[in-house]
Amino acid sequence: MTTFKALTIAGSDSGGGAGIQADLKTFQELGVYGMSALTAITAQNTLGVQGVYPLSVEAVKEQMKSIADDLSPHALKTGMLFNAEIISAVADAVRIYSWEKLIVDPVMIAKGGVSLLQQESVQALIEKLIPLSYVITPNIPEAEVLTGMKIVTDEGVRKAAMSLHNMGAKHVVIKGGHAAHPDEAVDVLFDGTDFFEFSSPRFQTENTHGTGCTFAAAITSELAKGQSLYDSVKTAKAFITAAIKNELGIGSGHGPTNHWAYKRTGVSV
Ligand SMILES: Nc1ncnc2c1ncn2[C@@H]1O[C@H](COP(=O)(O)OP(=O)(O)OP(=O)(O)O)[C@@H](O)[C@H]1O
Ligand SMILES: Cc1ncc(CO)c(N)n1
């Protein structure tokens, strides 16, 4: 039996709800062997980000080389990359090691407003990483920054997805957590030709820390196993919906989601 392997290149969240920790928990739950290359350490909890400590670009490169030399991933995702040097190193690694199925989650700002990507690095993301991506998974504010468009309507979401596709992303998933829909959370997939919508009820909860990381990690897991992109997004939507619905209620701020809910309870979307 093949053991499918997935890699996350992202920052550490000491509180365990987002970043590398969310990714590895999701890989594990979805039956994929998880590996990581850390880009930064954050001191973080449900109340916010108290400190950001980027690693040297050499440390990031060496982690990726160790993985490439021995444990080639079937799919990989990026999260917090913090600066242009790290973005370039990741883009180089993807090309040199011929890594396929790159999921770029363009993490920019944590809830509470602390920056997880230096503002001047957005251009590096656009020029170096987006053209290599199999899927890019921005939330609405990230899609606005990347495209320079203001997104207000469903039509605006579709236009931004087309723009990101024109920037070189093979597929685009715009996450709807920040959209105006009061009752539904709708994510939109664009494959370059057609649009597909994935909808769930919108839960009235503060406990959505790490939803974006978890959702992108679930897509990565399913792609690593060889599922189609449509099926991968469908499973990821079910995974994050179960994780939000069955909240853990820990911490006194924006609490984490429940990574084991999907396997234990299941939900259909
Ligand atoms: N209140 C909610 N109820 C149901 N689903 C939600 C809710 N909020 C977000 N989602 C879903 O969670 C996933 C992540 O979307 P979101 O737009 O919140 O990402 P994000 O802003 O990158 O997350 P974060 O920065 O917290 O990691 C999407 O599938 C979205 O539809
Ligand atoms: C390390 C890290 N990555 C990503 C996010 C976005 O949720 C976060 N809060 N922390």
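Residues numbered from 1 in each chain as written. Chains lettered and ligands numbered in written order. Predicted model: local features only at pLDDT ≥ 70, side-chain atom pairs only at ≥ 80, totals over all residues. Heavy atoms only, no water.

Participant: I'd like a rundown of the site of ligand 1, residues and numbers included.
Facilitator: If you check the shell around ligand 1, you find 20 residues, and the closest are Lys111, Asn139, His178, Asp187 and Gly212. Here an oxygen atom of ligand 1 sits 3.0 Å away from a polar atom, N or O, in the main chain of glycine 177. For ligand 1, an oxygen atom lies 3.2 Å from a polar atom in the backbone of threonine 208. Here ligand 1 loses 92% of its free accessible area of 630 Å² to cover by the protein chains. For the shell around ligand 1, the secondary structure elements donating two or more residues are strand 8 (184-190), strand 9 (195-201), helix 7 (211-224) and helix 8 (229-245). Sort the elements by how many residues they give to the shell around ligand 1 and helix 7 lands first, with four residues. (Near = heavy atom within 4 Å. Polar contact = N/O pair within 3.5 Å; in protein donor to acceptor, adjacent residues only side chain to side chain. Areas by Shrake-Rupley, 256 points an atom, 1.4 Å probe, with all protein chains shown as cover. Helix = DSSP H or I, 4+ residues; strand = E, 2+ residues; numbered from the N terminus.)

Participant: Outline the pattern of salt bridges, listing residues and values.
Facilitator: Side chains that differ in sign of charge can pair as their charged atoms come close. For the structure on display, the rule yields eight salt bridges. Note that glutamate 197 is salt-bridged to arginine 158, the shortest N-O span being 3.7 Å. With a gap of 39 residues between them, glutamate 197 in strand 9 and arginine 158 in helix 6 (residues 154-166) connect regions that are remote in the sequence. (Salt bridge = Lys/Arg side-chain N within 4 Å of Asp/Glu carboxyl O.)

Participant: Which residues make up the pairing of strand 2 (residues 33-45), and what values go with them?
Facilitator: Alignment of strand 1 (residues 5-13) against strand 2, held across nine bridges, turns out to be parallel. Opposite aspartate 13, over in strand 2, you have threonine 42 as the bridge partner. Since strand 1 and strand 2 lie parallel, the crossover through helix 1 (residues 19-29) that links them has a hand, and here it is right-handed. Pairing of strand 2 with strand 3 (residues 48-54), which is carried by six bridges, proceeds in the antiparallel orientation. Directly across from asparagine 45, in strand 3, lies its bridge partner glycine 48. (Pairing = 2+ DSSP bridges. Right-handed = clockwise from strand over helix to strand, strands pointing away.)

Participant: Describe the site of ligand 2, and please don't skip the residues or the numbers.
Facilitator: In the vicinity of ligand 2, the contacting residues are Gly11, Ser12, Ala18, Gly19, Gln44, Met80, Val107, Ala110, Leu116, His209 and Cys213. Here a nitrogen atom of ligand 2 sits 2.8 Å away from a polar atom, N or O, in the side chain of glutamine 44. Considered on its own, ligand 2 offers 290 Å² of accessible surface; in the complex 90% of this is hidden by protein.

Participant: Residues and numbers for the pairing of strand 8, please.
Facilitator: Counting buried residues in strand 8 gives six out of seven residues, a clear majority hidden from the surface. If you look at the hairpin formed by strand 8 and strand 9, you'll find four residues sitting between the two strands, and glycine 192 has a positive phi there, around 100 degrees. (Buried < 20%, exposed > 50% of the residue type's maximum accessible area, 1.4 Å probe, protein only.)

Participant: Can you tell me about the UniProt feature "domain: Pyridoxamine kinase/Phosphomethylpyrimidine kinase" (unreviewed entry) in the protein, naming the residues and giving the values?
Facilitator: Residues annotated in UniProt with the feature "domain: Pyridoxamine kinase/Phosphomethylpyrimidine kinase" (unreviewed entry) correspond here to residues 13-258. Between the first and last C-alpha atoms of residues 13-258 the distance is 16 Å; the span itself is 40% helix and 20% strand. (UniProt positions renumbered as here; feature names shortened; annotations may be inferred.)

Participant: Help me get a handle on the sheet that holds strand 4 (residues 75-78), residues and values and all.
Facilitator: Sheets are built from strands that pair by backbone hydrogen bonding, the pairs being arranged parallel or antiparallel. Read from one edge to the other, the open sheet built from nine strands follows the order 3-2-1-4-5-6-7-8-9, with strand pairing classed as mixed. With one partner strand each, in any of the chains shown, strand 3 and strand 9 form the two edges of the open sheet. Here strand 6 (residues 135-136) runs beside strand 7 (residues 171-174); their pairing, made up of two bridges, is parallel. Bridged to isoleucine 136 within strand 7 is valine 172.

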